[in-house]
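Coordinate analysis (summary)
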Amino acid sequence: LLQKMNASLEIESTKGEGSIFSFVLDLKTENNENHHLSENPENSLPSEIEILQNKKILIVEDNPENMLFTETVLLKKTHPLKILKAINAKKALILFEAEKPDLILMDINLGEIDGHTLTGMIRKKDKSVKIIAVTANAFKEEKERCLESGMNDFLSKPFSPENLVKMIVRNLQN
């Protein structure tokens, strides 16, 4: 496909670290002017790694296996990224106030104080922090309830690493 579009492909690879694939497209506008998207910073989209870099993400999850899975997915995606972990609402509020995270991954069934109530408590302090509901309850009514309680988005368990990262990136960009 790149050959058909007269594009150039560049590959950088380091054993044990990974590979970077990039390409340059020569596109014509309506008035037949050539533009190189890679040379125009206004048109270049930041990568997931750039968006996540140096962010603080608070994971509020009472299940240790789910916590570890989520943390592992995020840390594999980028460094430096600060992961804050809370196993209940009380610890989540303490971390939220001390660290001011960029985004919160909020489990709903936390025990004493649920994710809906915790979101309301956080919204009283900060209306702009992004909060994503992460729950095993995938029913439409639960999604609506999460959004009504002040969460920005909804992700049902089990989720793929790709879907988690895409949702986080989308929320951090808005």
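The notes below deal with the structure included here. Quick caveat: nothing in here was measured; it's all calculated off a predicted structure.

1. Looking at the packing of aromatic side chains
Two aromatic rings are characterised by how far apart their centres lie and by the angle between their planes. Under the defined criterion, the tally for this structure stands at one aromatic pair. Ring centres 5.6 Å apart and planes at 50° place the aromatic pair F69 and F159 in the tilted group. With F69 in helix α2 (residues 64–77) and F159 in the loop between β9 (153–156) and α6 (161–173), the pair connects residues that are 90 residues apart, well separated along the chain. A residue is classified by how much of its surface remains accessible, and F159, at 13% relative accessible area, is buried. In this structure, K100 packs its charged tip against the face of F96, placed 5.4 Å from the ring centre.

2. Topic: the sheet that holds strand β5 (residues 56–60)
Read from one edge to the other, the open sheet built from five strands follows the order β6-β5-β7-β8-β9, with strand pairing classed as parallel. Two strands bound the open sheet, and with one partner strand each, they are β6 (82–86) and β9. The sheet shows a mean angle of 20° between the axes of neighbouring strands, direction not considered. Pairing of β5 with strand β7 (residues 103–107), which is carried by four bridges, proceeds in the parallel orientation. Looking at the pairing, V60 lines up with M106 of β7. Lying on the sheet, α2 is in contact with β5, β6 and β7; it crosses β6 at an angle near 170°. In this fold helix α5 (residues 140–148) packs onto β8 (130–135) and β9, with an angle of close to 145° to the strand it touches most, β9.

Definitions and cut-offs
- Residues numbered from 1 in each chain as written.
- Predicted model: local features only at pLDDT ≥ 70, side-chain atom pairs only at ≥ 80, totals over all residues.
- Heavy atoms only, no water.
- Phe/Tyr/Trp six-rings, centres within 6.5 Å; stacked < 30°, edge-to-face > 60°.
- Helix = DSSP H or I, 4+ residues; strand = E, 2+ residues; numbered from the N terminus.
- Buried < 20%, exposed > 50% of the residue type's maximum accessible area, 1.4 Å probe, protein only.
- Lys NZ or Arg CZ within 6 Å of the ring centre and 35° of its normal.
- Pairing = 2+ DSSP bridges.
- Axes fitted to C-alpha atoms, helices over the stretch in contact; angles between N-to-C directions.
- Contact = heavy atoms within 4.5 Å.

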